[in-house]
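Here is what each chain is made of, one letter per residue.
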Amino acid sequence: MKIFSKEQIYKGDQLTAEKQNISSTELMERAGTQIFNWIHQRMQGAQVPIHVFCGIGNNGGDGLVLARQLVNYGYNVHIYVVNCSEKRTKDFLINYDRIKETTKKWPIMLNCEADFPEIGPDDIIVDAVFGIGLNRPPNEWVKRLFQHFRASKAFTLAIDLPSGLYADKVPKDENGVVWADYTLSFQSPKLVFFLPDTSKYTRQWEVLDIGIDLEFLQQTETEVELIGKNEMLTIYKPREKFSHKGTYGHALLIGGSHGKMGAMILSARGTMASGAGLVTTFIPKCGYIPMQSVVPEAMVLTDADDEKLTSITFDIEPTAVGMGMGMGLDQKTQHAFQKFLKSNEVPLVIDADGINLLAKHKDDFKLIKPQTVLTPHPKELERLLGSWKDDFDKLKKAKAFSKKYKCILVVKDAHTITVFEDKLYINSTGNPGLATGGTGDVLTGIITGLIAQGYEPLTASLFAVYLHGKSADIAVEDYGYQSLTASHVIDYLGQAYLDLFAKPQVQQKQEEKSGNS
Ligand SMILES: NC(=O)C1=CN([C@@H]2O[C@H](COP(=O)(O)OP(=O)(O)OC[C@H]3O[C@@H](n4cnc5c(N)ncnc54)[C@H](OP(=O)(O)O)[C@@H]3O)[C@@H](O)[C@H]2O)[C@H](O)CC1
Ligand SMILES: [K+]
């Protein structure tokens, strides 16, 4: 799914109005009506007090359209205008008049703290104060209004995005933002719903279709994309009937050290489960027996050293290499790693201590070949890029790094973002159960396994991150967040593959009814 920038959203509105020969007021009517339908479908006329807080721009205008429709359908509505500026938009004013025509009175004007209404914990707040047009922090009294919302504990539904949240930067003061339970967003979700600094401002979100011009939606290139099942189905490579293990590549995993052999075992199992034809591990001698015993499917090559890697030489011809898992930071290992980077011509994934070694020897950045995949967690990313001011600054630095070295950065987090040059791909799967040791090693194994099978490094990264998260989403149903382990992610990877082709339950039921399954 494309994630449009705020400039693109404004352009889409304008183009839609032109092409469909409708006014911006009609587009606002559609937006407000979609919100009304969403609420009406769930509330079915229930008389819970609904407090609609409208700003003075078009977000406020959406709120007024919604409020009018709620009034028309007999809901218990309280309408307020948050009078924070004299500059009202045309469509706000049109709907302000329409409210008066409907209710025969003006909405309640809020000008300061003394005007705040009482809101009960079982009431509903609709936040239509600011949308994507916010360009400066709200006034102090408006901030206090947002805190009043939060203190009320009422269910808070934000229109388009929680007020006080910018579409393209991080707000400085978390008290100046509405903490929404649910956000109904137009056209596309907003990037801020997925970033660690700003995702807390809405628990859930949903996109409402307001009939924006299809050609515009299809043809506009976006910098950001949300990756879900639909995107993955288009890149999935089915298995051929007349294929053999040689068809699916030979993955080589390099890493491990005394006490950290588990990382390599998890990676190797992840690579096998991803579908690689052959897997070889290159590890220090102490890992030979554990690896052979736990992962009998994998072949094992060993370093001359017992406990760490000192010289990486082999006579196999891998189709993809994953390295760094549990590798340690010993100087001899660093030399071996550096030498390998200089000579390697095979598509490469660098993880964990591979990244840490690079970060310690920044001169080695120049050894990163184009299309190399790096999979840092937040701390490793900071070692690589230096510190950042906020998430937008982090993404800017990540894009610059990716551009400079033409590499793919898999920025791991609750919503992993894969960065390639100017593009950001946000993953939609995964859950807090993944916050446990070894899941990163499994991910590197899967990426390496997919590259070995012929996926391009960028596609392999996106698909691996998606499958890894999906597997955890399925496994968490059986294990819960706390007990989910990296091994479960491997065990459920097959389910994640199968889920790609699972029919939605509604469709399945319909087909069963018509005998069409
Ligand atoms: N396709 C769609 O998505 C549609 C979206 N709609 C809705 O429109 C808003 C965007 O509306 P807009 O009027 O551009 O912006 P806002 O309502 O967010 O803000 C209005 C103005 O408020 C001023 N402003 C900005 N920050 C502050 C502040 N801190 N305090 C006071 N005032 C502020 C600013 O104007 P200035 O001239 O004063 O700078 C804003 O322009 C979108 O989010 C949707 O909800 C359409 O209804 C339908 C199509
Ligand atoms: K809002």
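Parameters and conventions
Residues numbered from 1 in each chain as written. Chains lettered and ligands numbered in written order. Predicted model: local features only at pLDDT ≥ 70, side-chain atom pairs only at ≥ 80, totals over all residues. UniProt positions renumbered as here; feature names shortened; annotations may be inferred. pLDDT = per-residue confidence, 0-100. Near = placed C-beta within 6 Å. Helix = DSSP H or I, 4+ residues; strand = E, 2+ residues; numbered from the N terminus. Nonpolar A, V, L, I, M, F, W, Y, C, P; charged D, E, K, R; others polar. Axes fitted to C-alpha atoms, helices over the stretch in contact; angles between N-to-C directions. Parallel < 35°, antiparallel > 145°, perpendicular 65-115°, else oblique. Left-handed = near helix turned anticlockwise from the far one by under 90°. Contact = placed C-beta atoms within 7 Å. Buried ≥ 20, exposed ≤ 12 C-beta atoms within 10 Å, placed from the backbone. Domains from an automatic or database assignment. Expected span 1.5 Å × (residues − 1). Arc of directions from axis to C-beta. Pairing = 2+ DSSP bridges. Right-handed = clockwise from strand over helix to strand, strands pointing away. Core = buried A, V, L, I, M, F, W, Y, C linked by C-beta atoms within 7 Å.

An unreviewed UniProt entry lists the protein chain under the name Bifunctional NAD(P)H-hydrate repair enzyme, with Gelidibacter maritimus given as the organism. Quoted verbatim from the Subunit (unreviewed entry) field of UniProt, the annotation for the protein chain is "Homotetramer."

Undergrad: If you had to explain the confidence of the model for the protein chain to someone new, which residues and values would you point to?
TA: The predicted structure's coordinates, where accompanied by low pLDDT, should not be read in detail. For the protein chain, mean pLDDT is 95; residues scoring 70 or higher make up 97% of the total. As scored by the predictor, the complex reaches a pTM of 0.94 and an ipTM of 0.97.

Undergrad: So what about the site of ligand 1? Which residues, and what values?
TA: Among the 32 residues in the neighbourhood of ligand 1, the closest are listed as G57, N58, G131, G133 and F186. For the shell around ligand 1, the secondary structure elements donating two or more residues are α1 (6–19), α2 (24–43) and α3 (58–72). Partitioning the shell around ligand 1 into residue classes produces 14 nonpolar, 13 polar and 5 charged.

Undergrad: How would you explain the packing of helix α14 (residues 439–452) against helix α15 (residues 457–483) if you had to name every residue and give the values?
TA: Angle between the axes and distance between the axes are the two parameters that describe a pair of packed helices. Between α14 and α15, the shortest axis-to-axis distance is 8 Å and the interhelical angle comes to 135°. Put simply, α14 runs oblique to α15. Of the two possible hands of crossing, α14 and α15 adopt the one that is right-handed. Where α14 approaches α15, its residues V442, L443, I446, I447, L450 and I451 are matched on the opposing element by P457, A460, S461, F463, A464, V465, L467 and H468.

Undergrad: I'd like a description of helix α11 (residues 352–360), backed by residues and values.
TA: Summarising burial for α11: 7 of the 9 residues are buried, a large majority. Listed as buried for α11 are A352, D353, G354, I355, N356, L357 and L358.

Undergrad: Can you tell me about the domain arrangement of the protein chain, naming the residues and giving the values?
TA: The domain boundaries assigned to the protein chain delineate domain 1 (2–222) and domain 2 (232–499). Relative to domain 2, the C-alpha centre of domain 1 lies at a distance of 42 Å. Contact with domain 1, which involves 8 residues of that partner, is made by 7 residues of domain 2.

Undergrad: How would you summarise helix α4 (residues 90–103) if you had to cite specific residues and measurements?
TA: An α-helical segment advances 3.6 residues per turn. Residues three or four places apart therefore align on the same side. Its 14 residues place the ends of α4 20 Å apart at the C-alpha level, agreeing with the 20 Å of an ideal helix rising 1.5 Å per residue. All buried positions along α4 are accounted for by D91, F92, N95 and I99. Along the axis of α4, the buried positions cluster into a sector of 100°, meaning they face one direction only. Summarising the geometry of α4, the exposed residues directed more than 90 degrees from the buried face are K90, D97 and E101. Buried residues along α4 sit in contact with α2, α3 and β3 (77–82). Phi turns positive, to about 70°, at K104, one or two residues after α4.

Undergrad: Residues and numbers for the pairing of strand β5 (residues 124–128), please.
TA: Most of β5 is tucked away, with 5 of its 5 residues classed as buried. Side chains I124, V126 and A128 of β5 all project onto a buried face; the interleaved residues I125 and D127 project onto the opposite face, where all are buried too. Pairing analysis gives 5 bridges linking strand β2 (residues 50–54) to β5, with the strands arranged parallel. For C54, the partnering residue across the bridge sits in β5 and is A128.

Undergrad: Residue-level account of the packing of α2 against α3, with values.
TA: Here α2 crosses α3 at 55°, and the two axes come no closer than 8 Å. As summarised for this structure, α2 and α3 are arranged oblique, according to the angle between their axes. Between α2 and α3 the crossing geometry is right-handed. Residue-level contacts link M28, E29, A31, G32, T33, I35 and F36 of α2 to N58, G61, D62, V65, L66, Q69 and L70 of α3. Among the residues forming the contact of α2 with α3, the class breakdown is 7 nonpolar, 5 polar and 2 charged.

Undergrad: Tell me what's going on with the pairing of β3, and back it up with residues and numbers.
TA: Along β3, 5 of the 6 residues are buried, which leaves the element largely enclosed by surrounding structure. Pairing analysis gives 5 bridges linking β2 to β3, with the strands arranged parallel. In the strand pairing of β3, C54 is matched with V81. Since β2 and β3 lie parallel, the crossover through α3 that links them has a hand, and here it is right-handed. Alignment of β3 against strand β4 (residues 108–110), held across 3 bridges, turns out to be parallel. Residue pairing for β4: V82 is matched across the bridge by L110. For the crossover from β3 across α4 to β4, the handedness is right-handed.

Undergrad: Just give me the short version of the nonpolar core, but keep the residues and values in it.
TA: Ranked by internal contacts, the top residues of the largest apolar core, which has 146 residues, are V52 and V126. The element that contributes the greatest number of residues to this core is α15, accounting for 11 residues. Two domains each donate at least three residues to this core, and these are domain 1 (2–222) and domain 2 (232–499). Leaving out residues up to four positions away in the same chain, V52 has contacts with G63, L66, A67, V77, I79, V126 and A128.

Undergrad: I'd like a rundown of unusual backbone geometry, residues and numbers included.
TA: One non-glycine residue, A352, adopts positive backbone phi at about 45°. Assignment of secondary structure puts A352 in helix α11. At Q371, a residue that is not glycine, the phi angle is positive and equals roughly 75°. For Q371, the position within the fold is in the loop between α11 and β15 (373–374).

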